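A closer look at the structure
Letter by letter, the chains look like this.
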Amino acid sequence: MGFLDRLSGRVAAYDPVDEEDFDASNGYEEYYEDEEQSISPIRSVDRGEVARIVTVWVASYKEIRDFAVEFRDGMPVILNLSEAPDDERARIVDFALGLCFGLEGMFSRISEDVFLLTPHTVKLDSHGSDESHDFTH
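Quick caveat, the model's predicted, so the values are computed rather than measured. (Residues numbered from 1 in each chain as written. Predicted model: local features only at pLDDT ≥ 70, side-chain atom pairs only at ≥ 80, totals over all residues. Heavy atoms only, no water.)

1. Things to note about the confidence of the model for the protein chain
For the protein chain, the average pLDDT comes to 76, and 57% of its residues sit at 70 or higher. Across the protein chain, element-level confidence peaks in strand β2 (residues 77-80) with a mean pLDDT of 96 and bottoms out in helix α2 (residues 28-37) with 53. Every residue in residues 133-137 scores below 50 in pLDDT, and together they form three contacts with partners more than four places removed in sequence or on other chains. (pLDDT = per-residue confidence, 0-100. Helix = DSSP H or I, 4+ residues; strand = E, 2+ residues; numbered from the N terminus. Contact = heavy atoms within 4.5 Å.)

Dropping the structure here:
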């Protein structure tokens, strides 16, 4: 007996059940009725994920508002101080540290001139060594 003979024998033996013969006593009919009533439209779910990171180049202490407002509103901020003079840079970093402390965020040094301000609602994962790195060389 070949493959097609066996397949045709199984198909012929199959007797599909008509919808009229369906026994609704097993609860399927009730399930489908309930399902139709509970259908709701698809909507996005807010998972608290970061959708935006703000990068700000600050050259003087007068420009701290540019990143302070964004950080206060819950945005992670990359603060680039490469254009700030040393005396201004120290004041800006002190302010940023105070801002992070006051809002329970994190202040991380990325390089000599770049810092990351992370709000308390954002978890920062770091991979590799726990040692601080000196990127100036």
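Having seen the structure, we can now continue with the description.
2. Thoughts on the packing of aromatic side chains
Scanning all chains against the criterion turns up three aromatic pairs. Summarising the aromatic geometry, the rings of F67 and F95 are spaced 6.0 Å apart at their centres and angled 75 degrees between planes, so their arrangement reads as edge-to-face. One end of the pair, F67, is in helix α3 (residues 65-72); the other, F95, is in helix α4 (residues 86-102), with 28 residues separating them in the sequence. Relative to F115, the ring of F107 lies with its centre 5.2 Å away and its plane at 25 degrees, an arrangement referred to as stacked. (Phe/Tyr/Trp six-rings, centres within 6.5 Å; stacked < 30°, edge-to-face > 60°.)

3. Focus: the packing of α3 against α4
For the pair α3 and α4, interaxial distance at closest approach is 11 Å and the crossing angle is 10 degrees. In this view, α3 runs roughly parallel relative to α4, as classed from their interaxial angle. The residues of α4 that touch α3, namely those facing F67, A68 and F71, are I92, F95, A96, L99 and C100. Across the contact of α3 with α4, the residue classes break down as eight nonpolar, no polar and no charged. (Axes fitted to C-alpha atoms, helices over the stretch in contact; angles between N-to-C directions. Parallel < 35°, antiparallel > 145°, perpendicular 65-115°, else oblique. Nonpolar A, V, L, I, M, F, W, Y, C, P; charged D, E, K, R; others polar.)

4. Description of unusual backbone geometry
For E104, which is not glycine, the phi torsion reads 60 degrees and is therefore positive. Topologically, E104 is positioned in the loop between α4 and β3 (106-109). By relative accessible area, E104 is classed as exposed at 64%. (Buried < 20%, exposed > 50% of the residue type's maximum accessible area, 1.4 Å probe, protein only.)

5. Regarding the pattern of salt bridges
Should their charged atoms come close, side chains of opposite charge can pair. Under the definition given, this model contains three salt bridges. Note that R52 and E70 form a salt bridge whose closest N and O atoms lie 3.1 Å from each other. Taken together, the residues span a long stretch of sequence, with R52 in the loop between α2 and β1 (54-57) and E70 in helix α3 at a distance of 18 residues. Residue R52 is classed as partly exposed on the basis of its relative accessible area, which comes to 44%. Among the ionic pairs, D113 bridges to R89, the shortest N-O distance being 2.5 Å. Remark: R89 occurs in helix α4 and D113 occurs in the loop between β3 and β4 (114-118); sequence separation between them is 24 residues. The partly exposed category is assigned to D113, whose relative accessible area is 22%. (Salt bridge = Lys/Arg side-chain N within 4 Å of Asp/Glu carboxyl O.)

6. Some thoughts on α4
Spanning 17 residues, α4 covers 24 Å between terminal C-alpha atoms, matching the ideal 24 Å at 1.5 Å per step. E104 sits one or two positions beyond α4 and adopts a positive phi of about 60 degrees. (Expected span 1.5 Å × (residues − 1).)

7. Describing the sheet that holds β1
If you walk across this open sheet you meet the four strands as β1-β2-β4-β3, and the pairing is mixed. One side of each edge strand has no neighbouring strand; the edge strands of this open sheet are β1 and β3. Each strand of the sheet is rotated relative to its neighbour by a mean of 20 degrees, with strand direction disregarded. Alignment of β3 against β4, held across four bridges, turns out to be antiparallel. (Pairing = 2+ DSSP bridges.)

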